[in-house]
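One-letter residues, chain by chain:
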Amino acid sequence: MLMLKWKKIALGVSGALVLAAGAAWFSLDKETRGLLATLPTNRDLLFWSQPQRDAAFRALDRLPVLAKARPIAAGGTPMALPAGAPLELPLDVAAYMAGQRSAALLVVHDGKVRLERYGLDFDAQGRWTSFSVAKSITSTLVGAAIRDGHIRSMDDKVSAYIPQMKGSAYDDVSIRQLLTMTSGVRWNENYSDPDSDVARFNKHVPEEGVDALVSYLRKLPREVPAGTRWHYSTGETNLVGVLLAQATKKPLATYLSETIWRPAGMEHDATWILNRSGQEISGCCIQAATRDFARFGLFILDGARVGGRSIVPDGWLAEATSTRTGIGQPGRGYGYQWWTYEDGSYAARGIFGQGLFIDPKRRIVVASNANWGGGASDRTASAAREAFYRAVQKAVDDEAAGTRGSGAVR
């Protein structure tokens, strides 16, 4: 009888635990449930499967065991995004989004939303990770730090703000050269190579008391003289973030909230993923609503102004968003962490299909989030995204000229 009683108790406890576990599971939001259902077995997202990326890109900041993040607080008065007439495009938008494996696509023209679509079971309330779109936001914070007096000059040396870089190849590199990626220091950004710098530095074990990124970068050798060659390096943008935190004496997420996110009218709180040293990964990984990425684009389009006052020095934004160095592609260049075009437009770009395109002449902002099927640097999808930007420009031009075609948004 005693054994039977204990069996009944055990069954009752087991049942209660199952019910509790079920209740706990369904109490989680859909993004966290999706991430838990496909939880990656390694920390290197460059080599996650497509289903793992689909789940993780909307929820990287949900599980501290996977990644820790710092909040970027929004204010209480969001920038208005009124609806405009649907933009007539000479292409099938649904087919374009399917090819991009698009989670979100917004086109804002002259302050009005002309196109807004979502995919991959994502929506306007969710946060999607930015990847290298964060680089352009970090760059803007450098301009703000100069305006605020935290940084003296774009030509100051890195080691003036990060003394631990003294004696390294970065000792004589300027902030301007970091922002234009012309340091001349060796770096491998091959996303498909597990032995590349962009993959290895995430696993680097630093010396005690030294930031993990600083520890890694100060060991890299110089390849060419500083200022003589453009070479894409996420590591250098991450170093800009360390420099910003040292100069402002604030976490980047806090400085971003105080300088832009709150005063410029972002609607939702965002987050910024941290590295193992507790520092924001400034070349990557701001989680935000797509509408707020679009709002950031509108903020830049309006001259980075808050209340009629620019948060960056006079002339700085024009320099940042125009070609400072060539990149070996006709009609394209690189500014201060912005990709530039010869027609005066510019873009922020992230791996797997994240993007922010700004055309000042036509007053266009295009915000995109995706998980490219071909991987981090899907050339076919990248070319299609560039063609989409051109199609939006042409549609706006045709509309202004009164020659809109018969093609309809589908």
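Check the entry above for the structure.
Model, not experiment: these values are computed from the prediction. (Residues numbered from 1 in each chain as written. Predicted model: local features only at pLDDT ≥ 70, side-chain atom pairs only at ≥ 80, totals over all residues. Heavy atoms only, no water.)

Caption draft 1: Representation of the overall build of the protein in the model. The helix and strand inventory of the protein stands at 13 helices and 14 strands. A total of 410 residues make up the protein; the buried ones form 54% of that total. Residue pairs in contact within the protein that sit at least 24 positions apart in sequence constitute 67% of those at least 6 positions apart. Accessible surface, the protein: about 17,300 Å² in total, of which carbon and sulfur atoms supply 56%. (Helix = DSSP H or I, 4+ residues; strand = E, 2+ residues; numbered from the N terminus. Buried < 20%, exposed > 50% of the residue type's maximum accessible area, 1.4 Å probe, protein only. Contact = heavy atoms within 4.5 Å. Areas by Shrake-Rupley, 256 points an atom, 1.4 Å probe, with all protein chains shown as cover.)

Caption draft 2: Summary view of the sheet that holds strand 14 (residues 364-370). In space, the 8 strands of this open sheet follow the order 3-2-14-13-12-11-10-9, with antiparallel pairing throughout. Pairing within the sheet leaves two strands with one partner each, and these edge strands are strand 3 (112-118) and strand 9 (325-326). Pairing analysis gives 6 bridges linking strand 2 (residues 102-109) to strand 3, with the strands arranged antiparallel. Considered in strand 3, the bridge of Leu 106 is made with Glu 116. In the packing of helix 11 (residues 290-301) onto the sheet, contacts are made with strand 2, strand 3, strand 12 (346-350), strand 13 (354-359) and strand 14, and the angle to strand 14 comes to roughly 150°. (Pairing = 2+ DSSP bridges. Axes fitted to C-alpha atoms, helices over the stretch in contact; angles between N-to-C directions.)

Caption draft 3: Representation of the pattern of salt bridges. Scanning the entire structure with this criterion turns up 23 salt bridges. Where Lys 394 meets Asp 398, a salt bridge forms, and the shortest distance between an N and an O atom there is 2.8 Å. Residue Lys 394 and its partner Asp 398 are both found in helix 13 (residues 379-401); the two are separated by 4 residues, about one turn of the helix. (Salt bridge = Lys/Arg side-chain N within 4 Å of Asp/Glu carboxyl O.)

Caption draft 4: Focus on helix 10 (residues 252-261). Along helix 10, 8 of the 10 residues are buried, which leaves the element largely enclosed by surrounding structure. Of all the residues in helix 10, the buried ones are Leu 252, Ala 253, Tyr 255, Leu 256, Ser 257, Thr 259, Ile 260 and Trp 261.

Caption draft 5: Geometry of the nonpolar core. In terms of nonpolar packing, the biggest core is built from 104 residues, with Val 142, Ile 151 and Leu 239 touching the most fellow members. Among residues more than four places away in sequence, those in contact with Ile 151 are Val 142, Ala 145, Ile 146, Tyr 161, Ile 175, Leu 243, Leu 244 and Ala 247. Counting 18 residues, the second largest nonpolar core, distinct from the first, contains Val 93, Tyr 96, Val 107 and Ile 364. (Core = buried A, V, L, I, M, F, W, Y, C linked by side-chain atoms within 4.5 Å.)

Function cannot be inferred from these measures alone, as they are strictly geometric.
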